[in-house]
Each structure stands twice: as C-alpha cells, then as structure tokens.
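Residue-level structural notes
Take a look at the letters that make up each chain.
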Amino acid sequence: MRDNGRVLEMTREEFEELVAEALDRIPPELTRLMDNVAVFVEDEPAADDPELLGLYEGTPLTDRGEWYAGVLPDRITIYRGPTLRMCESREDVVAETEVTVVHEIAHHFGIDDERLHALGYG
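The text that follows walks through the structure, step by step, so that each part is easy to find. (Residues numbered from 1 in each chain as written. Predicted model: local features only at pLDDT ≥ 70, side-chain atom pairs only at ≥ 80, totals over all residues. Heavy atoms only, no water.)

**Topic: the sheet that holds strand E3 (residues 74-79)**
Pairing between the strands of a sheet is mediated by backbone hydrogen bonds and can be parallel or antiparallel. Taken in spatial order, the three strands make up an open sheet running E1-E3-E2, and their pairing is mixed. Of all strands in the sheet, those bounded by a partner on one side alone are strand E1 (37-42) and strand E2 (54-57). Each strand axis lies, on average, 15 degrees off the axis of its neighbour in the sheet, ignoring direction. The sheet contact formed by E2 and E3 spans four bridges and is antiparallel. By the bridge assignment, tyrosine 56 is partnered in E3 with isoleucine 76. (Pairing = 2+ DSSP bridges. Helix = DSSP H or I, 4+ residues; strand = E, 2+ residues; numbered from the N terminus. Axes fitted to C-alpha atoms, helices over the stretch in contact; angles between N-to-C directions.)

**Remarks on unusual backbone geometry**
The phi angle at asparagine 36 is positive, at roughly 55 degrees, despite the residue not being glycine. Here asparagine 36 lies in the loop between helix H2 (28-31) and E1. Residue class for asparagine 36 comes out partly exposed when judged on its relative accessible area of 27%. (Buried < 20%, exposed > 50% of the residue type's maximum accessible area, 1.4 Å probe, protein only.)

**A look at the packing of aromatic side chains**
On inspection of all chains with the given rule, the structure shows zero aromatic pairs. A cation over an aromatic ring shows up here: arginine 75 above the ring of phenylalanine 40, its NZ or CZ 4.0 Å from the ring centre. (Phe/Tyr/Trp six-rings, centres within 6.5 Å; stacked < 30°, edge-to-face > 60°. Lys NZ or Arg CZ within 6 Å of the ring centre and 35° of its normal.)

Structure below.
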C-alpha cells in the first residue's frame, strides 16, 4: 500500500457515512443473505498491521453448520487512518472504502483473498 506522505482530512463521522454509503450500494439480493454480521469503523488497526484497511472476524457462511447458534455476530471493521493515509482525494477515499467494504463482506460469504484479487477487490 502506498502512503502519500500526508493524511487526508476527514472526520470520523464523514468516514462512517462513506462506509454506510458503500454498504447501501451492495445489491439487496446479497445483503438479504448476510447473516449475523456487524460493521464497525475504527481509527487504526492493531500496531502489528498498521496498513490494514479492513478486517473480517467470524465464521464465513460457507463454514457454518448445525453447531452455529447463539454466537456473537461476525465483525467487519473498516479502518479510517490507513485509508486516509493512502488516498490523495475524497474520491479516492470513496473508491477505496467501497472496495474494502466489498472485500470484507466477500470474506463473510467465504470468498478468499486469492479469488478477491482475481476479481479486482484485492
């Protein structure tokens, strides 16, 4: 990931709105299939991976079986800081946020990084 040497200014609220807009652009036929998943915005990822744009934590739909009941929701986290550091304009942030949201939702559906990279969502 590239760091442009400066940080684009955008409030947490503005960034959260971009994430919400990216979620709104997910086709309804896919959002209806999403199950037990929550999306969060955080300012920074863990110190051991400071360039991480998003993270999926949970059990993909493809791995759930009869045992899957009463568990906490899967968690998708989108990180504001790394996104703002790599983007040069608001338009870049909008595009990168959308790619990151789709990428992490794809993990919820059981799609791995290799396939996502092949589809252009790496």
